[in-house]
Every structure is written in C-alpha cells, then in structure tokens.
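Structural description and commentary
Residue strings, one per chain:
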Amino acid sequence: MQKKDILKLIGNRIGVAIENAMLQEQYIKSEEKYRTLFNNDPNPIFIIDSNTYEIMDMNQRAMDVYGYKPQELYETSLLDLGDPDDEEVGEGLQSLSRKHSVLFSKKRHFKKGGQPFFVNINVSYAEYGGRNVLIATTTDITESVDVRAGTTEQTT
C-alpha cells in the first residue's frame, strides 16, 4: 500500500469518527429535548406496555400527582391506579386500535395512601424504544366533579 493510500484511509477514518461524534451529539440533544418536554408537561404521562398495561416510564408530574417513587410504579399496571371495580378502562384498552386514541372521562384514581381523585385519561399508541406502547395522560378534574352521594356528575 502506498503512502498516499494510507493517508487517504486515515483521512476517511477520521471523517467517519467526526461524523459519528456529530451524530452522537445530535442524539444527546434530541434526548435532552425529549426529557425536558416529557418532564415539564403539566399533566401526568405514563408509558404503558401495550400488552400488560404495566407502567414502563412516567414523567415527574406523574410522580408528584400520584405520590409514588419511580420504583413503586414500574411494572405496576395502569389499571391498579384506578377503581378496581371499574372495568371500562381495561375493556377500552383491549379494544383500542393502533390508529386511534381513547378518552375515559371521570375515572376515580388513587394517590399513594389511598386518597381518591378524579381524572380524565387519554390513551394512544406510540413507538418507544423500538416497542409498541401506549401513552396515557391523566388530567385531574376533581374540582369539576360532584362527589356528593357517590355521584360523578359534572358541576357547572
């Protein structure tokens, strides 16, 4: 191999190394942007396994609202946060198609320690880490729900 060929080969390898470093930097910036948006959303967000409904990830707001630490929520089913007698959410998740989302209104959820509150739950499919998952967001609507006498009617 001639000196010219060796220098060309070295130059190509340096170019590839620089390109890889730039791609890595872009990836890190993209990941930081994602985490910032994810953790600063005003509503709890849960990343859910689409088969088992177990929580795979959650944002900081979810931990703040529900009062749990991440390790307490990982592999807990989203269904375990709600009323065990309410079958609508489980049935709705089973029938959810990949191109649609579903909204569950006025669902009773429980904070750590058992304190109930009411939420609307919006769920849709997404890809996360190469897996098909569900993204569930909850919105606390407790102040707009009349809980007297066991009803869950909206107040005006």
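In what follows, the structure referred to is the one given above.
These lines cover the structure that appears in this document, whether it is placed above or below. (Residues numbered from 1 in each chain as written. Predicted model: local features only at pLDDT ≥ 70, side-chain atom pairs only at ≥ 80, totals over all residues. Heavy atoms only, no water.)

What follows concerns the sheet that holds strand E2 (residues 55-58). Strands sit in the order E2-E1-E5-E4-E3 across an open sheet of five strands; the sheet is antiparallel. The outermost strands of the open sheet, each flanked by one partner alone, are E2 and strand E3 (101-110). Adjacent strand axes in the sheet meet at a mean angle of 30 degrees when their direction is disregarded. Across three bridges, the pairing between strand E1 (residues 45-49) and E2 is antiparallel. In the strand pairing of E2, Ile47 is matched with Asp57. Sitting on the sheet, helix H1 (residues 3-40) touches E1, E2 and strand E4 (116-128), and the angle it makes with E2 is about 90 degrees. (Pairing = 2+ DSSP bridges. Helix = DSSP H or I, 4+ residues; strand = E, 2+ residues; numbered from the N terminus. Axes fitted to C-alpha atoms, helices over the stretch in contact; angles between N-to-C directions. Contact = heavy atoms within 4.5 Å.)

Side chains on a regular strand alternate between the two faces of the sheet. Summarising the sheet, E3 and E4 pair through eight bridges and their orientation is antiparallel. Pairing of Phe104 across the sheet is with Ile121, part of E4. If you look at the hairpin formed by E3 and E4, you'll find five residues sitting between the two strands, and Gly113 has a positive phi there, around 100 degrees.

Okay, the environment of Gly130 next. Structurally, Gly130 can be placed in the loop between E4 and strand E5 (131-140). Counting along the chain gives eleven residues from Gly130 to Ile141, while the straight-line C-alpha distance between them is 33 Å.

Another aspect to go through is the packing of aromatic side chains. Scanning all chains against the criterion turns up two aromatic pairs. Aromatic pair Phe46 and Tyr66: ring centres 5.4 Å apart, planes at 75 degrees, arrangement edge-to-face. Note that Phe46 is positioned in strand E1 and Tyr66 in helix H2 (residues 60-66), a separation of 20 residues in sequence. Considered together, Phe46 and Tyr66 belong to a single accessibility category, that of buried residues. Between the aromatic rings of Tyr66 and Phe117, the centroid separation amounts to 5.2 Å while the plane-to-plane angle is 65 degrees, which identifies the pairing as edge-to-face. With a gap of 51 residues between them, Tyr66 in helix H2 and Phe117 in strand E4 connect regions that are remote in the sequence. (Phe/Tyr/Trp six-rings, centres within 6.5 Å; stacked < 30°, edge-to-face > 60°. Buried < 20%, exposed > 50% of the residue type's maximum accessible area, 1.4 Å probe, protein only.)

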